[in-house]
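Structural characterization, general
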Amino acid sequence: MSIKFKLLDVPVVIGADFLLIMLVLGALWRTPDQLPVWMIVVTASVLVHEMGHATFFDLYGMKPVVQLYGGGGVTMAMPVPGRIVTPWQRIFIAASGPATGLTIGGMVGAAALYAPRIQSSDIVQDLLWVSLGWSLVNLLPLPGVDGGAIVSGLTSMVLGRPAEFAGRVVG
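Residues numbered from 1 in each chain as written. Predicted model: local features only at pLDDT ≥ 70, side-chain atom pairs only at ≥ 80, totals over all residues. Heavy atoms only, no water.

**Structural notes on the nonpolar core**
Grouped together as the largest cluster of nonpolar side chains are 16 residues, with contacts concentrated most on W38, V66 and L68. Breaking this core down by element, the ones donating at least two residues are β2 (10-15), α1 (16-29), α2 (35-59) and β3 (63-69). For this core, the element with the highest residue contribution is α2, accounting for eight residues. In terms of nonpolar packing, the next biggest core, distinct from the first, is built from six residues, V108, A112, L127 and L128 among them. (Core = buried A, V, L, I, M, F, W, Y, C linked by side-chain atoms within 4.5 Å. Buried < 20%, exposed > 50% of the residue type's maximum accessible area, 1.4 Å probe, protein only. Helix = DSSP H or I, 4+ residues; strand = E, 2+ residues; numbered from the N terminus.)

**Quick look at the packing of aromatic side chains**
A full pass over the atoms with the stated rule returns four aromatic pairs. Put simply, the rings of F56, Y60, W88 and F92 pair up and form one aromatic cluster. (Phe/Tyr/Trp six-rings, centres within 6.5 Å; stacked < 30°, edge-to-face > 60°.)

**Regarding the side chain of H49**
Topologically, H49 is positioned in helix α2. In contact with H49, other than residues within four places in its own chain, are G97, P98, N138 and D146. (Contact = heavy atoms within 4.5 Å.)

**Description of the confidence of the model for the chain**
Scored by pLDDT, the chain comes out at a mean of 88, with 94% of its residues at no less than 70. Confidence scores differ between elements of the chain, with helix α6 (residues 164-170) showing the lowest mean pLDDT of 60 and β2 the highest of 97. (pLDDT = per-residue confidence, 0-100.)

**Looking at the packing of helix α3 (residues 87-114) against helix α5 (residues 146-159)**
Closest axis-to-axis distance for the α3/α5 pair is 8 Å, and the angle between their directions is 160°. Taken as axis vectors, α3 and α5 run roughly antiparallel relative to one another. Between α3 and α5 the crossing geometry is left-handed. Taken together, the residues of α5 that come into contact with α3 (itself represented by P87, W88, I91, A94, A95 and P98) are D146, A149, I150, G153, L154, S156 and M157. Across the contact of α3 with α5, the residue classes break down as 10 nonpolar, two polar and one charged. (Axes fitted to C-alpha atoms, helices over the stretch in contact; angles between N-to-C directions. Parallel < 35°, antiparallel > 145°, perpendicular 65-115°, else oblique. Left-handed = near helix turned anticlockwise from the far one by under 90°. Nonpolar A, V, L, I, M, F, W, Y, C, P; charged D, E, K, R; others polar.)

**Topic: the pattern of salt bridges**
Enumeration over the complete set of coordinates arrives at three salt bridges. Between R30 and D122 there is a salt bridge; the shortest N-O distance is 3.5 Å. Here R30 is found in the loop between α1 and α2, whereas its partner D122 is found in helix α4 (residues 122-138), with 92 residues between them in sequence. Since its relative accessible area comes to 15%, R30 is described here as buried. Residue R30 is joined to D126 by a salt bridge in which the shortest nitrogen-to-oxygen separation is 2.6 Å. Placement of the pair is R30 in the loop between α1 and α2 and D126 in helix α4, with a sequence separation of 96 residues. (Salt bridge = Lys/Arg side-chain N within 4 Å of Asp/Glu carboxyl O.)

**Brief notes about the pairing of strand β1 (residues 2-7)**
Regular strands have side chains that alternate between both faces of the sheet. Examined bridge by bridge, β1 and β2 share six bridges and lie antiparallel to one another. Among the inter-strand pairings, K6 is bridged to a residue of β2, identified as P11. (Pairing = 2+ DSSP bridges.)

Shown next as structure tokens:
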């Protein structure tokens, strides 16, 4: 079972496994009455992160597809005949998701600083954790996260050829 829709003309699929894992994570530190807000915040935050990637895929002339599954999400692009993605483009695509989350988290954090009454709000705390925390984790130079893709792109540029494995070793 999955939820399928389009957001800004980008196909999106939210898998039941994503919702189940986020529900379990939320249940670890939220009360049952807080879980609906947690689910909305985390789903929206991960979706916005993936839409950051989708924006750059679209910018580079590719048709993105977003899928939220398991513990996170992935944005893929359908291959376009004759279109080659350069290492710089791969780096920008990979960095755009965490950059989107850090921007939103920064805005929420700034708002909390200037309006102290909202600092203790569950929504604000969840937005800060998901947007800032997960974006920083996503920047770690590990395979399977955006930081690993950034390191692989940089390694490819240094070596002058595709270097996925070397990028993993460097990360």
